[in-house]
Amino acid sequence: MLVQIVSLGMIVTSALIIWKGLIVVTGSESPVVVVLTGSMEPGFKRGDILFLHMSKDPIRTGEIVGREIPIVHRVIKVHEHQESAEVDILTKGDNNLEDDRFLYAHGQLWLQQHHIMGRAVGFLQYVGWVTIFKVCLFFLNTPIDLEIKQWLPFIVHSDRCTGLTGHI
Amino acid sequence: MHSFGHRANGVATFAVTILAAMCFAASFSDHFNSLSPVASVKILNTNWFQKESHGNDEVSMTLNISADLSSLFSWNTKQVFVFIAAEYETPQNALNQVSLWDGIIPSKEHAKFLIHTTNKYRFIDQGSNLKGKDFNLTMHWHIMPKTGKMFADKIVMTGYRLPEQYR
(Lines give C-alpha, C1' and ligand atoms only; values in the text may rest on other atoms or scores of the structure.)
Protein backbone atom coordinates (compact mmCIF):
# COMPACT_ATOMS: atom_id res chain seq x y z
CA MET A 1 0.00 0.00 0.00
CA LEU A 2 2.78 2.40 0.95
CA VAL A 3 4.65 1.49 -2.22
CA GLN A 4 1.61 2.44 -4.26
CA ILE A 5 1.23 5.79 -2.54
CA VAL A 6 4.91 6.59 -3.06
CA SER A 7 4.72 5.57 -6.74
CA LEU A 8 1.67 7.74 -7.22
CA GLY A 9 3.45 10.63 -5.53
CA MET A 10 6.45 10.19 -7.81
CA ILE A 11 4.31 10.22 -10.94
CA VAL A 12 2.47 13.34 -9.87
CA THR A 13 5.64 15.18 -8.95
CA SER A 14 7.35 14.13 -12.18
CA ALA A 15 4.46 15.49 -14.18
CA LEU A 16 4.63 18.71 -12.17
CA ILE A 17 8.38 18.99 -12.81
CA ILE A 18 7.84 18.59 -16.55
CA TRP A 19 5.04 21.15 -16.52
CA LYS A 20 7.03 23.72 -14.55
CA GLY A 21 10.07 23.03 -16.71
CA LEU A 22 8.00 23.79 -19.80
CA ILE A 23 6.89 27.07 -18.22
CA VAL A 24 10.54 28.07 -17.70
CA VAL A 25 11.72 26.97 -21.14
CA THR A 26 8.92 28.64 -23.09
CA GLY A 27 8.64 31.71 -20.86
CA SER A 28 4.89 31.36 -20.91
CA GLU A 29 2.62 30.74 -17.91
CA SER A 30 0.56 28.38 -19.97
CA PRO A 31 2.82 26.71 -22.50
CA VAL A 32 0.23 24.24 -23.70
CA VAL A 33 -3.37 25.31 -24.22
CA VAL A 34 -6.38 23.54 -25.62
CA VAL A 35 -8.50 25.33 -28.23
CA LEU A 36 -11.97 25.64 -26.71
CA THR A 37 -13.95 27.51 -29.36
CA GLY A 38 -14.23 27.80 -33.11
CA SER A 39 -13.13 31.41 -33.32
CA MET A 40 -9.87 30.55 -35.13
CA GLU A 41 -11.28 28.09 -37.64
CA PRO A 42 -10.42 26.66 -40.07
CA GLY A 43 -6.87 27.02 -38.79
CA PHE A 44 -7.43 25.78 -35.24
CA LYS A 45 -10.43 23.71 -34.33
CA ARG A 46 -11.94 22.82 -30.96
CA GLY A 47 -9.84 20.10 -29.36
CA ASP A 48 -6.49 21.02 -30.91
CA ILE A 49 -3.60 21.84 -28.63
CA LEU A 50 -1.34 24.83 -29.14
CA PHE A 51 2.23 25.34 -27.97
CA LEU A 52 2.89 28.86 -26.72
CA HIS A 53 6.27 30.52 -26.42
CA MET A 54 6.93 33.93 -24.95
CA SER A 55 9.94 36.12 -25.61
CA LYS A 56 10.74 39.73 -24.82
CA ASP A 57 10.51 40.65 -28.53
CA PRO A 58 7.74 43.17 -29.00
CA ILE A 59 4.46 41.80 -30.31
CA ARG A 60 3.84 42.42 -34.02
CA THR A 61 0.77 42.02 -36.24
CA GLY A 62 -0.03 38.54 -37.48
CA GLU A 63 1.24 36.78 -34.39
CA ILE A 64 -1.24 34.48 -32.72
CA VAL A 65 -1.17 35.28 -29.02
CA GLY A 66 -2.69 33.79 -25.89
CA ARG A 67 -3.97 35.63 -22.82
CA GLU A 68 -4.62 34.71 -19.16
CA ILE A 69 -8.10 33.55 -20.03
CA PRO A 70 -7.23 30.99 -22.68
CA ILE A 71 -8.09 33.07 -25.74
CA VAL A 72 -5.62 32.59 -28.55
CA HIS A 73 -6.28 35.08 -31.33
CA ARG A 74 -4.35 36.93 -34.00
CA VAL A 75 -2.92 40.42 -33.56
CA ILE A 76 -4.35 42.77 -36.18
CA LYS A 77 -3.15 46.15 -34.95
CA VAL A 78 0.01 47.28 -33.17
CA HIS A 79 0.94 50.78 -32.03
CA GLU A 80 4.35 51.02 -30.40
CA HIS A 81 5.06 54.19 -28.42
CA GLN A 82 8.28 56.11 -29.07
CA GLU A 83 9.57 56.80 -25.59
CA SER A 84 8.35 53.87 -23.56
CA ALA A 85 8.51 51.19 -26.30
CA GLU A 86 5.21 49.91 -24.91
CA VAL A 87 2.83 48.44 -27.43
CA ASP A 88 -0.94 48.77 -27.82
CA ILE A 89 -2.36 45.61 -29.35
CA LEU A 90 -5.70 44.70 -30.88
CA THR A 91 -6.63 41.06 -31.49
CA LYS A 92 -9.28 39.22 -33.46
CA GLY A 93 -10.23 35.62 -33.99
CA ASP A 94 -9.80 34.61 -37.64
CA ASN A 95 -13.31 33.21 -37.73
CA ASN A 96 -14.98 36.12 -35.91
CA LEU A 97 -16.51 39.04 -37.77
CA GLU A 98 -15.52 41.57 -35.12
CA ASP A 99 -12.29 42.30 -33.32
CA ASP A 100 -11.90 41.39 -29.65
CA ARG A 101 -12.85 44.74 -28.09
CA PHE A 102 -16.11 43.23 -26.86
CA LEU A 103 -14.00 40.77 -24.85
CA TYR A 104 -11.69 43.29 -23.27
CA ALA A 105 -12.52 44.96 -19.94
CA HIS A 106 -15.14 47.69 -20.08
CA GLY A 107 -13.59 50.81 -21.63
CA GLN A 108 -10.39 49.01 -22.56
CA LEU A 109 -9.47 49.48 -26.22
CA TRP A 110 -6.04 47.85 -26.33
CA LEU A 111 -4.02 45.03 -24.82
CA GLN A 112 -0.46 45.54 -23.67
CA GLN A 113 2.53 43.20 -23.85
CA HIS A 114 2.07 42.13 -20.22
CA HIS A 115 -1.40 40.76 -21.00
CA ILE A 116 0.10 38.31 -23.48
CA MET A 117 1.12 34.88 -22.24
CA GLY A 118 2.77 33.59 -25.35
CA ARG A 119 2.80 33.30 -29.13
CA ALA A 120 1.47 30.16 -30.76
CA VAL A 121 4.42 28.45 -32.43
CA GLY A 122 3.09 24.99 -33.15
CA PHE A 123 0.07 22.81 -32.79
CA LEU A 124 -1.29 19.28 -32.72
CA GLN A 125 -4.78 18.32 -33.82
CA TYR A 126 -7.42 16.55 -31.74
CA VAL A 127 -5.17 15.86 -28.74
CA GLY A 128 -7.04 18.27 -26.49
CA TRP A 129 -10.43 16.55 -26.64
CA VAL A 130 -9.51 14.60 -23.52
CA THR A 131 -9.62 17.78 -21.47
CA ILE A 132 -12.73 19.22 -23.06
CA PHE A 133 -14.67 16.23 -21.89
CA LYS A 134 -13.30 17.17 -18.47
CA VAL A 135 -11.67 13.86 -17.79
CA CYS A 136 -10.03 14.71 -14.50
CA LEU A 137 -8.72 11.45 -13.19
CA PHE A 138 -8.73 11.44 -9.44
CA PHE A 139 -8.74 7.82 -8.45
CA LEU A 140 -7.29 4.91 -10.30
CA ASN A 141 -8.45 1.36 -9.96
CA THR A 142 -5.70 -0.11 -12.08
CA PRO A 143 -2.20 -0.62 -10.67
CA ILE A 144 -0.17 2.58 -10.47
CA ASP A 145 2.04 2.40 -13.52
CA LEU A 146 0.31 4.86 -15.79
CA GLU A 147 2.54 6.92 -18.06
CA ILE A 148 3.17 10.54 -17.18
CA LYS A 149 1.53 11.83 -20.34
CA GLN A 150 -1.81 10.53 -19.16
CA TRP A 151 -1.60 12.85 -16.16
CA LEU A 152 -0.55 15.88 -18.14
CA PRO A 153 -4.03 16.82 -19.46
CA PHE A 154 -5.29 16.78 -15.87
CA ILE A 155 -2.60 19.17 -14.72
CA VAL A 156 -3.03 21.44 -17.71
CA HIS A 157 -6.70 21.82 -16.99
CA SER A 158 -6.98 21.53 -13.24
CA ASP A 159 -7.94 25.17 -13.08
CA ARG A 160 -9.97 25.18 -16.26
CA CYS A 161 -12.28 22.28 -15.42
CA THR A 162 -15.07 24.77 -14.86
CA GLY A 163 -15.14 24.84 -18.62
CA LEU A 164 -15.20 27.90 -20.82
CA THR A 165 -17.94 27.43 -23.33
CA GLY A 166 -19.59 29.96 -25.54
CA HIS A 167 -18.28 32.00 -28.39
CA ILE A 168 -15.03 33.41 -27.13
CA MET B 1 1.32 -8.64 -15.33
CA HIS B 2 -0.62 -9.17 -18.52
CA SER B 3 -4.07 -7.93 -17.65
CA PHE B 4 -6.19 -6.18 -20.25
CA GLY B 5 -5.43 -2.85 -18.62
CA HIS B 6 -1.67 -3.32 -18.86
CA ARG B 7 -1.83 -4.39 -22.47
CA ALA B 8 -4.14 -1.55 -23.43
CA ASN B 9 -1.83 0.87 -21.65
CA GLY B 10 1.20 -0.53 -23.48
CA VAL B 11 -0.44 -0.37 -26.89
CA ALA B 12 -1.78 3.12 -26.33
CA THR B 13 1.55 4.47 -25.15
CA PHE B 14 3.38 2.97 -28.09
CA ALA B 15 0.81 4.28 -30.57
CA VAL B 16 0.96 7.79 -29.16
CA THR B 17 4.76 7.76 -29.22
CA ILE B 18 4.88 6.67 -32.86
CA LEU B 19 2.23 9.25 -33.78
CA ALA B 20 4.19 12.00 -32.04
CA ALA B 21 7.36 10.95 -33.91
CA MET B 22 5.48 11.06 -37.22
CA CYS B 23 4.08 14.51 -36.47
CA PHE B 24 7.57 15.72 -35.65
CA ALA B 25 8.96 14.27 -38.88
CA ALA B 26 6.14 15.83 -40.91
CA SER B 27 6.83 19.21 -39.37
CA PHE B 28 10.57 18.84 -39.91
CA SER B 29 10.07 18.15 -43.61
CA ASP B 30 8.70 21.68 -43.97
CA HIS B 31 12.20 23.07 -43.43
CA PHE B 32 13.21 21.77 -46.85
CA ASN B 33 10.55 23.75 -48.66
CA SER B 34 12.07 26.53 -50.78
CA LEU B 35 9.83 29.57 -50.78
CA SER B 36 9.46 32.00 -53.67
CA PRO B 37 6.32 34.06 -53.17
CA VAL B 38 5.48 37.11 -55.27
CA ALA B 39 3.14 39.91 -54.37
CA SER B 40 2.20 43.44 -55.28
CA VAL B 41 -0.36 45.91 -53.99
CA LYS B 42 -1.71 48.97 -55.78
CA ILE B 43 -3.80 51.64 -54.17
CA LEU B 44 -6.44 52.34 -56.79
CA ASN B 45 -8.21 55.10 -54.93
CA THR B 46 -8.28 56.91 -51.60
CA ASN B 47 -12.00 56.99 -50.99
CA TRP B 48 -12.08 59.37 -48.04
CA PHE B 49 -9.78 60.75 -45.38
CA GLN B 50 -11.36 62.28 -42.27
CA LYS B 51 -11.19 62.45 -38.51
CA GLU B 52 -13.42 59.78 -37.00
CA SER B 53 -15.65 60.25 -33.95
CA HIS B 54 -12.82 60.21 -31.37
CA GLY B 55 -10.69 62.69 -33.30
CA ASN B 56 -8.26 60.14 -34.76
CA ASP B 57 -7.39 60.18 -38.46
CA GLU B 58 -9.13 57.56 -40.56
CA VAL B 59 -8.65 56.73 -44.21
CA SER B 60 -10.53 54.42 -46.53
CA MET B 61 -8.91 53.13 -49.70
CA THR B 62 -9.51 50.67 -52.50
CA LEU B 63 -6.71 48.19 -52.99
CA ASN B 64 -5.69 45.91 -55.82
CA ILE B 65 -3.83 42.94 -54.32
CA SER B 66 -2.16 40.39 -56.54
CA ALA B 67 0.02 37.54 -55.38
CA ASP B 68 1.28 34.09 -56.17
CA LEU B 69 1.87 32.21 -52.94
CA SER B 70 1.70 28.68 -54.32
CA SER B 71 5.35 27.96 -53.45
CA LEU B 72 4.48 28.30 -49.75
CA PHE B 73 2.34 25.16 -49.81
CA SER B 74 3.72 21.77 -48.93
CA TRP B 75 1.97 18.47 -48.28
CA ASN B 76 1.95 19.40 -44.59
CA THR B 77 0.20 22.73 -45.15
CA LYS B 78 -3.36 23.14 -43.94
CA GLN B 79 -3.83 26.77 -44.96
CA VAL B 80 -1.94 30.00 -45.43
CA PHE B 81 -3.24 33.04 -43.58
CA VAL B 82 -2.29 36.18 -45.50
CA PHE B 83 -2.83 39.79 -44.54
CA ILE B 84 -1.75 43.25 -45.62
CA ALA B 85 -0.64 45.71 -42.95
CA ALA B 86 0.05 49.41 -43.33
CA GLU B 87 3.20 50.28 -41.38
CA TYR B 88 4.31 53.79 -40.52
CA GLU B 89 5.92 55.92 -37.87
CA THR B 90 4.51 58.93 -36.03
CA PRO B 91 5.98 61.33 -33.47
CA GLN B 92 4.24 59.48 -30.61
CA ASN B 93 4.61 55.93 -31.91
CA ALA B 94 7.84 54.34 -33.11
CA LEU B 95 5.86 51.77 -35.06
CA ASN B 96 2.25 51.42 -36.09
CA GLN B 97 1.01 48.31 -37.79
CA VAL B 98 -2.60 48.32 -38.93
CA SER B 99 -4.04 45.30 -40.66
CA LEU B 100 -6.10 46.41 -43.67
CA TRP B 101 -7.13 43.11 -45.19
CA ASP B 102 -6.72 39.44 -44.48
CA GLY B 103 -7.71 36.20 -46.08
CA ILE B 104 -7.32 32.49 -45.77
CA ILE B 105 -5.89 30.48 -48.65
CA PRO B 106 -7.14 26.94 -48.12
CA SER B 107 -5.12 25.21 -50.85
CA LYS B 108 -2.44 25.63 -53.50
CA GLU B 109 -5.06 26.09 -56.22
CA HIS B 110 -6.28 29.29 -54.55
CA ALA B 111 -2.79 30.65 -53.92
CA LYS B 112 -2.55 32.72 -57.08
CA PHE B 113 -5.06 35.53 -56.80
CA LEU B 114 -6.02 39.05 -57.71
CA ILE B 115 -8.30 40.88 -55.29
CA HIS B 116 -10.02 44.21 -55.70
CA THR B 117 -11.31 45.45 -52.36
CA THR B 118 -11.73 48.34 -49.96
CA ASN B 119 -9.89 47.91 -46.67
CA LYS B 120 -11.56 45.22 -44.58
CA TYR B 121 -10.46 46.76 -41.27
CA ARG B 122 -10.57 50.45 -40.49
CA PHE B 123 -7.30 52.28 -40.97
CA ILE B 124 -7.38 54.50 -37.87
CA ASP B 125 -4.37 56.25 -36.39
CA GLN B 126 -3.76 56.91 -32.70
CA GLY B 127 -4.01 60.67 -33.13
CA SER B 128 -4.04 62.67 -36.34
CA ASN B 129 -0.68 62.14 -37.97
CA LEU B 130 -1.70 60.74 -41.32
CA LYS B 131 -1.72 63.84 -43.54
CA GLY B 132 0.94 63.37 -46.19
CA LYS B 133 2.23 60.31 -44.36
CA ASP B 134 4.61 57.91 -46.11
CA PHE B 135 3.86 54.31 -45.30
CA ASN B 136 4.77 50.76 -46.27
CA LEU B 137 2.33 48.06 -47.21
CA THR B 138 3.60 44.73 -46.00
CA MET B 139 2.10 41.43 -47.05
CA HIS B 140 2.52 38.96 -44.20
CA TRP B 141 1.74 35.29 -44.41
CA HIS B 142 1.48 32.55 -41.83
CA ILE B 143 1.85 29.00 -43.04
CA MET B 144 -0.38 26.97 -40.74
CA PRO B 145 0.62 23.31 -40.91
CA LYS B 146 -1.46 20.19 -40.62
CA THR B 147 0.79 19.46 -37.68
CA GLY B 148 3.78 21.07 -35.99
CA LYS B 149 5.65 24.33 -36.39
CA MET B 150 4.13 27.41 -37.99
CA PHE B 151 6.23 29.56 -40.32
CA ALA B 152 5.68 33.24 -40.98
CA ASP B 153 7.34 35.76 -43.25
CA LYS B 154 6.58 38.90 -45.18
CA ILE B 155 7.23 41.08 -48.23
CA VAL B 156 7.63 44.80 -47.58
CA MET B 157 6.42 47.16 -50.30
CA THR B 158 7.45 50.76 -49.84
CA GLY B 159 6.61 54.02 -51.46
CA TYR B 160 2.99 54.68 -50.55
CA ARG B 161 1.82 58.07 -49.40
CA LEU B 162 -1.41 59.45 -48.00
CA PRO B 163 -2.95 62.69 -49.30
CA GLU B 164 -1.81 65.98 -47.80
CA GLN B 165 -5.37 67.12 -47.09
CA TYR B 166 -8.54 65.57 -45.78
CA ARG B 167 -11.09 64.73 -48.42
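The rules we used
- Residues numbered from 1 in each chain as written.
- Chains lettered and ligands numbered in written order.
- Predicted model: local features only at pLDDT ≥ 70, side-chain atom pairs only at ≥ 80, totals over all residues.
- Heavy atoms only, no water.
- UniProt positions renumbered as here; feature names shortened; annotations may be inferred.
- Helix = DSSP H or I, 4+ residues; strand = E, 2+ residues; numbered from the N terminus.
- Buried < 20%, exposed > 50% of the residue type's maximum accessible area, 1.4 Å probe, protein only.
- Contact = heavy atoms within 4.5 Å.
- Areas by Shrake-Rupley, 256 points an atom, 1.4 Å probe, with all protein chains shown as cover.
- pLDDT = per-residue confidence, 0-100.
- Salt bridge = Lys/Arg side-chain N within 4 Å of Asp/Glu carboxyl O.

As recorded in an unreviewed UniProt entry, chain B goes by Signal peptidase complex subunit 3 and comes from Zizania palustris. Check the Subcellular location (unreviewed entry) section of the UniProt entry for chain B; it says "Endoplasmic reticulum membrane". For chain B, the Sequence similarities (unreviewed entry) comment in UniProt is given as "Belongs to the SPCS3 family."

Chain A is annotated in an unreviewed UniProt entry as Signal peptidase complex catalytic subunit SEC11 from Zizania palustris. Looking at the Subcellular location (unreviewed entry) heading of the UniProt record, one finds this comment for chain A: "Endoplasmic reticulum membrane".

Enquirer: Which parts of the structure should I look at to understand the overall build of chain A?
Expert: If you tally the helices and strands in chain A, you get 3 helices and 6 strands. Reading the secondary structure of chain A in the N-to-C direction produces α-β-β-β-β-β-β-α-α. Of all 168 residues assigned to chain A, the portion counted as buried reaches 43%. The long-range share in chain A, meaning contacts at least 24 apart out of those at least 6 apart in sequence, stands at 57%. In the form shown here, chain A has an accessible surface area of approximately 8900 Å², with 64% of it arising from carbon and sulfur atoms.

Enquirer: Quick question: what am I supposed to make of the confidence of the model for chain B here?
Expert: As a note on interpretation, predicted positions should not be read in detail where pLDDT is low. Across chain B, pLDDT averages 90, with 99% of residues at or above 70. Overall fold confidence for the complex sits at a pTM of 0.75, while the interface term, ipTM, reaches 0.76.

Enquirer: Help me out: how do you make sense of the pattern of salt bridges in this one?
Expert: Where side chains of opposite charge bring their charged atoms close, a pairing between them can arise. Under the counting rule described, the total for this entry stands at 7 salt bridges over all chains. As a salt-bridge pair, Arg60 of chain A and Glu80 of chain A come within 2.6 Å of each other at their nearest N and O atoms. In this pair, Arg60 of chain A is assigned in the loop between β2 (49-53) and β3 (64-67) and Glu80 of chain A in strand β4 (residues 72-81), connecting sequence segments 20 residues apart. Residue Glu80 of chain A is classed as buried on the basis of its relative accessible area of 12%. Of the charged contacts, one joins Arg161 of chain B and Asp134 of chain B as a salt bridge, the two residues approaching to 2.9 Å between their closest N and O atoms. In this pair, Arg161 of chain B is assigned in strand β9 (residues 151-161) and Asp134 of chain B in strand β7 (residues 134-145), connecting sequence segments 27 residues apart. Owing to a relative accessible area of 48%, Arg161 of chain B belongs among the partly exposed residues under this scheme. One network of salt bridges, with partners in common, ties together Asp134, Arg161 and Glu164 of chain B.

Enquirer: Sorry if this is basic, but what is going on with the side chain of Ser27 of chain B here?
Expert: Structurally, the position occupied by Ser27 of chain B is in helix α1 (residues 4-29). If sequence neighbours within four positions are ignored, Ser27 of chain B has contacts with Asn76, Thr147, Gly148 and Lys149 of chain B.

Enquirer: Even after reading the chapter, I still don't get the environment of Leu90 of chain A, so can you show me in this structure?
Expert: Residue and element names in this part refer to chain A. If you trace the backbone, Leu90 turns up in strand β5 (residues 87-92). In this structure, the C-alpha to C-alpha distance between Leu90 and Val121, residues 31 residues apart in sequence, is 19 Å. The residues contacting Leu90, other than those within four sequence positions of it, are Arg74, Val75, Ile76, Lys77, Asp99, Arg101, Tyr104, Leu109 and Trp110.

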